[in-house]
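Structure assessment
Residue strings, one per chain:
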Amino acid sequence: MLFRSAIDGFLAMSHYAPALDAGFVLMLNMDSPAADDIVDAIRGYLERNAPAVVPTGRPLRADEIAAFDGFYRSDTPRNQILAPLEAFSFTRVRADAEGLRIGERRFVAVGEGLFQRVGGPGPELFFMRSPGGTVITGMSGIGDSGRKRSLLEVAAKFTGLGVLLLTMSLSLGHAVAWMIGAARGRLAARGGLSIRLDRKS
């Protein structure tokens, strides 16, 4: 049984294995991928005498691969101030006939929409179909639930970000050129630099 909750800068989770009659509660003043490494270390100690778990996966059908593969992002950002930045944070799920991969972690299918990490104690990724599309949730490298996004949405967001960064870079370059020109007196012939405040009557 697994539970995980997090807010900015804090993370709490609890794990309990009935077969071992053992579990743990972990509370951290951090929320980073390192938390999963800590969980794996604690599990390794608690399960040191338990038989190794070898998940028996099944091959994915072509329609399942198409349904699971893609980019996922949460609809509920944790920080409303940073929400515009979180809009560019996607979880990339790669699917092939053998299962799923998120980063360096490999998952195999063990049920309808259920995936177990290779070497993990049980199913850790769950996919559900909703009116809004495919939704993913789980405990390994996901944390929050996320809805699958279209490639058009992903491309549009990063294209817009690229245009914004390019515009800001060009504006900054022009500002630096004007400042250097002013420092060298090259703008004197054009009246130099001045600050004008217009007040509406």
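As a reminder, the structure under discussion sits directly above these lines.
Residues numbered from 1 in each chain as written. Predicted model: local features only at pLDDT ≥ 70, side-chain atom pairs only at ≥ 80, totals over all residues. Heavy atoms only, no water.

On to the pattern of salt bridges, then. This structure, assessed with the given rule, holds six salt bridges. Between Asp63 and Arg61 there is a salt bridge whose closest N-O contact spans 3.1 Å. Taking relative accessible area as the criterion, Arg61 reaches 44% and is therefore assigned partly exposed. For Asp69, the salt bridge goes to Arg92, with nearest N and O atoms at 3.2 Å. (Salt bridge = Lys/Arg side-chain N within 4 Å of Asp/Glu carboxyl O. Buried < 20%, exposed > 50% of the residue type's maximum accessible area, 1.4 Å probe, protein only.)

Attention shifts here to the pairing of strand S3 (residues 22-28). Direction of pairing for strand S2 (residues 10-17) relative to S3: antiparallel, over a ladder of seven bridges. Paired with Tyr16 across the two strands is Gly23, which belongs to S3. Between S2 and the antiparallel strand that follows it, S3, lie four residues; Asp21 among them carries a positive phi value of about 50°. (Pairing = 2+ DSSP bridges. Helix = DSSP H or I, 4+ residues; strand = E, 2+ residues; numbered from the N terminus.)

Of note, Arg149 is situated in strand S11 (residues 146-149). With relative accessibility at 6%, the residue Arg149 sits in the buried group. Looking at Arg149, its side chain comes within polar contact range of the main-chain oxygen of Arg73, at 2.9 Å. Arg149 has contacts with Phe71, Arg73, Ser74, Asp75, Phe90 and Val154, leaving out every residue within four places of it along the chain. (Polar contact = N/O pair within 3.5 Å; in protein donor to acceptor, adjacent residues only side chain to side chain. Contact = heavy atoms within 4.5 Å.)

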